[in-house]
Amino acid sequence: SLSAGLDLPGRFLFATLTLMTLVAILVFIEEAVYIYRKIPSSKRSIIIWINAAAPVISTTSCIGMWIPRSTMFTDYTAAIFFAIVIHKFLMMMIKECGGQKVLLRRFENSRFTINTGPCCCCCFCLPRVPITRQTLFWLKLGTFQFAVFRPVLIFLSIVLWTNGNYVLYNLSPKGPALWISCFVGALTLFALWAVGIMFQKVRILLKCKNIIPKFALYQFIVILNHLQTTIINIFATQKIIPCAPPLSSTARGSYIAQQLLIMEMFLITVISRVVYRRKYHDLEPPECAAEEPGDEKQPP
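Definitions and limits used
- Residues numbered from 1 in each chain as written.
- Predicted model: local features only at pLDDT ≥ 70, side-chain atom pairs only at ≥ 80, totals over all residues.
- Heavy atoms only, no water.
- Helix = DSSP H or I, 4+ residues; strand = E, 2+ residues; numbered from the N terminus.
- Contact = heavy atoms within 4.5 Å.
- Areas by Shrake-Rupley, 256 points an atom, 1.4 Å probe, with all protein chains shown as cover.
- UniProt positions renumbered as here; feature names shortened; annotations may be inferred.
- Axes fitted to C-alpha atoms, helices over the stretch in contact; angles between N-to-C directions.
- Parallel < 35°, antiparallel > 145°, perpendicular 65-115°, else oblique.
- Left-handed = near helix turned anticlockwise from the far one by under 90°.
- Nonpolar A, V, L, I, M, F, W, Y, C, P; charged D, E, K, R; others polar.
- pLDDT = per-residue confidence, 0-100.
- Core = buried A, V, L, I, M, F, W, Y, C linked by side-chain atoms within 4.5 Å.
- Buried < 20%, exposed > 50% of the residue type's maximum accessible area, 1.4 Å probe, protein only.
- Expected span 1.5 Å × (residues − 1).
- Phe/Tyr/Trp six-rings, centres within 6.5 Å; stacked < 30°, edge-to-face > 60°.
- Lys NZ or Arg CZ within 6 Å of the ring centre and 35° of its normal.

Chemist: Go over the overall build of the protein, please, and point to the residues and values.
Modeler: Assigned secondary structure in the protein consists of eight helices and two strands. Secondary structure of the protein in N-to-C order comes out as α-α-α-α-β-β-α-α-α-α. Intrachain contacts of the protein at a sequence separation of at least 6 include 74% that bridge at least 24 residues. Carbon together with sulfur atoms contributes 68% to the accessible area of the protein, which is approximately 16600 Å² in total.

If you want it as structure tokens, here you go:
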């Protein structure tokens, strides 16, 4: 068994990381109960989904650490869940502005700046796009397509893997892994681009709701779960991370990635509890600014 092959420091490390995962789950459950009691129903499920991202990734990493053969399934489970969270984060920003109709009234004479990361941060010649119902639809479609196509591509990868046609670390042009990875990467960039465009527009308006720390936590999860894991896997496949019998280079790289994610997601779970637990006042309706000083009409 795995525990029998571990020395005393290894067992202590595994026990500590497992305890951190359990604490992260308990912190999330306590936070979900608080959100369910205190947050309006229109925002409740979205905020719970977003807060669940770090504990879910920590849990899947812990399972993959203890059961190495399940790594592919646990990584794909975390990837599917976070694809949905990206769409939920965009919807949360719209909800915090008062909903789509109120957002369109607030920014009826404004424009979206689309030369933002990660796709077009250097394309300064791109025009500013008017904020309309159609442009909001395209932004929501940009994240929704990722939440739909990522699970489909992962299901296809698992089917090919069970048939022996999909090898995760075989990135030759003749294999499907390279093409599926490139397609997933393109979908990811478009989804993150849509979130970035919306954030650039609403960050000043939602500064009172701590949208900048919330966006920073979301960005940390993206970077750590995708970029960090990809870099470690590349180092492992290129033998930069040496093998340590009985673990091969790729298995050792997978262990390192999972252990780092458990510690990082634990910290993000604790910080998210602080950021999302604060009580924020709702924004004033946009028509209040246009009212006369003597108007005694109460805002809805």
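Chemist: Residues and numbers for the UniProt feature "transmembrane region" (unreviewed entry) in the protein, please.
Modeler: Following the UniProt record, the feature "transmembrane region" (unreviewed entry) maps to residues 12-34, 46-67, 73-91, 137-161 and 176-195 here. Taken end to end, residues 12-34 has its terminal C-alpha atoms 33 Å apart, with 100% of it in helix and 0% in strand. Here residues 46-67 runs as 95% helix and 0% strand, with 31 Å between its end C-alpha atoms.

Chemist: Any details on the packing of helix H6 (residues 176-202) against helix H7 (residues 211-237)? Residues and values, ideally.
Modeler: Where H6 contacts H7, the two axes come as close as 12 Å, and the packing angle between them is 165 degrees. In this view, H6 runs roughly antiparallel relative to H7, as classed from their interaxial angle. Crossing handedness for the pair H6 and H7: left-handed. The residues of H7 that touch H6, namely those facing Leu192, Val195 and Phe199, are Ile211, Ile212, Phe215, Tyr218 and Val222. Class assignment of the residues belonging to the contact of H6 with H7 gives a composition of eight nonpolar, no polar and no charged.

Chemist: Break down the confidence of the model for the protein for me, with residues and values.
Modeler: Scored by pLDDT, the protein comes out at a mean of 83, with 86% of its residues at no less than 70. Ignoring residues within four places in sequence, the model shows residues 288-298, a span with pLDDT below 50, making two contacts including any to other chains.

Chemist: Quick rundown of the environment of Leu283? Include the residues and the values.
Modeler: Tracing the sequence through the fold places Leu283 in the segment after helix H8 (249-277). For the pair Leu283 and Leu206, spaced 77 residues apart in sequence, the C-alpha to C-alpha distance is 8.4 Å. Non-local contacts of Leu283, meaning those with residues more than four positions away in its chain, are made with Glu96, Cys97, Arg106, Leu205, Leu206, Cys208 and Lys209.

Chemist: Tell me about the nonpolar core, and please be specific about residues and values.
Modeler: Ranked by size, the top nonpolar core spans 67 residues in total, and within it Phe89, Met93, Leu103, Met198 and Tyr218 carry the most contacts. Breaking this core down by element, the ones donating at least two residues are helix H1 (8-38), helix H2 (41-66), helix H3 (71-96), helix H4 (100-106), helix H5 (133-162), H6, H7 and H8. Residue contacts for Phe89: discarding those within four places in its chain leaves Ile50, Val195, Ile211, Lys214, Phe215, Tyr218 and Tyr276. Grouped together as the second largest cluster of nonpolar side chains are nine residues, Leu17, Met20, Cys62 and Tyr255 included.

Chemist: How would you summarise H3 if you had to cite specific residues and measurements?
Modeler: Under the 1.5 Å per step criterion, the end-to-end length of H3 is 37 Å for 26 residues, consistent within 8% with the ideal 38 Å. One or two steps after H3, the chain reaches Gly98, where phi turns positive at roughly 110 degrees.

Chemist: Can you tell me about the packing of H5 against H6, naming the residues and giving the values?
Modeler: Remark: H5 packs on H6, axes separated minimally by 9 Å, with the N-to-C direction vectors making an angle of 155 degrees. By the criterion of interaxial angle, the relationship of H5 to H6 is roughly antiparallel. In this structure, H5 meets H6 at a crossing whose hand is left-handed. For the pair formed by H5 and H6, the contact residues are Leu136, Leu139, Gly142, Thr143, Gln145, Phe146, Phe149, Arg150, Leu153, Leu156, Ser157 and Leu160 on the first element and Pro176, Ile180, Phe183, Val184, Leu187, Thr188, Phe190, Ala191, Ala194, Val195, Ile197 and Met198 on the second. Grouping the constituent residues of the contact of H5 with H6 by class yields 18 nonpolar, five polar and one charged.

Chemist: Give a description of the environment of Phe112 that names residues and reports values.
Modeler: Examined against the element boundaries, Phe112 turns out to sit in strand S1 (residues 111-112). For the pair formed by Phe112 and Pro130, sequence separation is 18 residues and the distance between their alpha carbons is 6.2 Å. What Phe112 contacts, discounting residues up to four positions off in sequence, is Arg128, Val129, Pro130, Ile131, Thr135, Leu136, Leu139, Ile197, Met198 and Lys201.

Chemist: Give a description of the packing of aromatic side chains that names residues and reports values.
Modeler: A full pass over the atoms with the stated rule returns 11 aromatic pairs. Seen in terms of ring centroids, Phe73 and Trp161 are 5.5 Å apart; in terms of plane orientation they differ by 80 degrees. Their pairing is edge-to-face. Separated by 88 residues along the polypeptide, Phe73 in helix H3 and Trp161 in helix H5 bring together distant segments of the chain. You can call Phe73 partly exposed: its relative accessible area is 37%. Where Phe190 meets Trp193, the ring centres are 6.3 Å apart and the plane angle is 50 degrees; that geometry is what we call tilted. On the criterion of helical spacing, the pair formed by Phe190 and Trp193 is a turn pair, its members being three residues apart in helix H6. Using a relative accessible area of 18% as the deciding quantity, one classes Trp193 as buried. Joined through ring pairs, the aromatic side chains of Phe82, Phe89, Phe199, Phe215 and Tyr218 make up one cluster. Lying across the ring of Tyr34, Arg277 places its NZ or CZ 3.9 Å from the centre.

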